[in-house]
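Remarks on the overall topology
If you want the building blocks of each chain, they are given just below.
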Amino acid sequence: MRVALPQRVPRRWLHSAIPLAVFTLLLVYFWARSLRALSGCRSGAQSCIAREPPPFQVRQQSRPLEAPEREEPQCLGPQGMLGRMMRPFRASLNPERDVELSQYLAGWRELVRFLTPLGSIFAFATSEASAKVTALEALVHGPEAAHYTSLATMVAWERPGIAPRLSARCPGSLTMLLLHRALRWSQLCLHRVATGMLGGPDAGAQCSDAYGTALAPHHPWFVRQAAHLAFLAFPGRGRLLELACPGSKEAEARNALVRAAGTLEDVYNRTQGLLADGGLLELA
C-alpha cells in the first residue's frame, strides 16, 4: 500500500490541474481578445462590435458612415449588385413626376437577380416576379407601345375599362400593382436588415414582418402560412450583407443597403401616388 501512494498523489494532482489549466488558458484567451479590441478591429470581413447601436440606428439623417474622401463600396459601382439595381430604378423617376416603365422593369430584373440567391424556397416568388416583368415588357415593346412608355400613359390608356370584374382589360395596370406591392416588401425587408440592431430580431423575422405589412393583407390564409414558414429558412443578416456588398465591412454593407432601400422607397412612393390617382390600388 505504501508503495502505491507516490503513484496516487500525482494522479490526483493531474485531475485537479487539468481544469485549472483549461481555466487559465481561457483567461489568457479572453485577455488577449480584450487587448486586440482595445487596440483596433480584428482583421477580416467583419468590423468591431461597438457598445452602442450602429450610427444609423440613432441618427438616421446623418451622413454615410464612410469618410467623405473614401471611395464608395464596389457594390454601389457600375458592376456592383446594388449599383446595377439602383441606377435603372433612379432613372425611372423622370422630371415630370412620372415613372418610365422600361427603366422600372430593368430595375426589377436586377432586383430579381439579387433576391434569387436567397434560397430555393423563394424560387417561386422570384419566378412569379420575372413572369410579371416579362408580361409588362411585352406591352412596353408591343404593337401598342406608345401607350406603355410610362405609368401615367398606361393608366390613361387602360383606365376607361377598369371595373372589379374586368381586370383582364387592364393587364398592364394589374401587373404593375402586383409588382408595386412586392417592391414595398423588398424595400422594407432591405431597410430593416440594414438597420437592425445587434442582438435584435434576425433577418428572417424582420423580412417576415415586412411581408405582413406589404403583402399578407392581399394573400389568402394558406399563402400567408406558407410564407411565414418560408421565412424560417431565410438567410441570416451577415449572409444578406455579404450578398449585397461582397468583400465590404459590415458598416459599409449596411450603409449601402440603406441607400438601396431608399431608392426603392422613392420609386414606391412615386408609383403609389400615380396608382392612387388612377384609382388602381384596389384593382386586385
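Coordinates for the structure precede this section.
What comes next is a walk through the structure. Everything numeric in this text was worked out from a predicted model, so none of it was measured.

In terms of nonpolar packing, the biggest core is built from 64 residues, with Leu82, Phe89, Tyr104, Trp108, Leu151, Leu183 and Trp185 touching the most fellow members. Mapped onto this core, the elements with two or more residues apiece are helix 3 (81-91), helix 4 (101-115), helix 5 (123-140), helix 6 (151-158), helix 7 (171-195), helix 8 (203-214), helix 10 (237-244) and helix 11 (250-277). For this core, the element with the most residues is helix 7, which contributes eleven residues. Among all residues touching Trp108, those that are not within four sequence positions of it are Phe89, Ala129, Val133, Leu179, Ala182 and Leu183.

Let us now look at helix 8. Across its twelve residues, helix 8 extends 16 Å between first and last C-alpha, which sits within 8% of the 16 Å expected from 1.5 Å per residue. Taken together, the buried positions of helix 8 are Ala203, Gly204, Gln206, Cys207, Ser208, Ala210, Tyr211 and Ala214. Where helix 8 is buried, its residues contact helix 7, helix 9 (221-230) and helix 10.

Before going further, it helps to spend a moment on unusual backbone geometry. Backbone geometry at Arg97 places phi at a positive 65 degrees, although glycine is not the residue there. Here Arg97 is to be found in the loop between helix 3 and helix 4.

Glancing now at the pattern of salt bridges. For the structure on display, the rule yields five salt bridges. In this structure, the salt-bridge partner of Arg84 is Glu110, at a minimum N-O distance of 3.3 Å. Residue Arg84 is located in helix 3, and its partner Glu110 is located in helix 4; the two are separated by 26 residues in the primary sequence. Overall, the relative accessible area of 26% leaves Arg84 in the partly exposed class. A salt bridge links Glu128 to Lys132; the shortest N-O distance between them is 3.4 Å. Remark: Lys132 and Glu128 occur in helix 5; sequence separation between them is four residues, near one turn of the helix. Residue class for Glu128 comes out partly exposed when judged on its relative accessible area of 34%. Sharing partners across several salt bridges, the network here consists of Arg84, Glu110 and Arg113.

Scoring rules and cut-offs
Residues numbered from 1 in each chain as written. Predicted model: local features only at pLDDT ≥ 70, side-chain atom pairs only at ≥ 80, totals over all residues. Heavy atoms only, no water. Core = buried A, V, L, I, M, F, W, Y, C linked by side-chain atoms within 4.5 Å. Buried < 20%, exposed > 50% of the residue type's maximum accessible area, 1.4 Å probe, protein only. Helix = DSSP H or I, 4+ residues; strand = E, 2+ residues; numbered from the N terminus. Contact = heavy atoms within 4.5 Å. Expected span 1.5 Å × (residues − 1). Salt bridge = Lys/Arg side-chain N within 4 Å of Asp/Glu carboxyl O.

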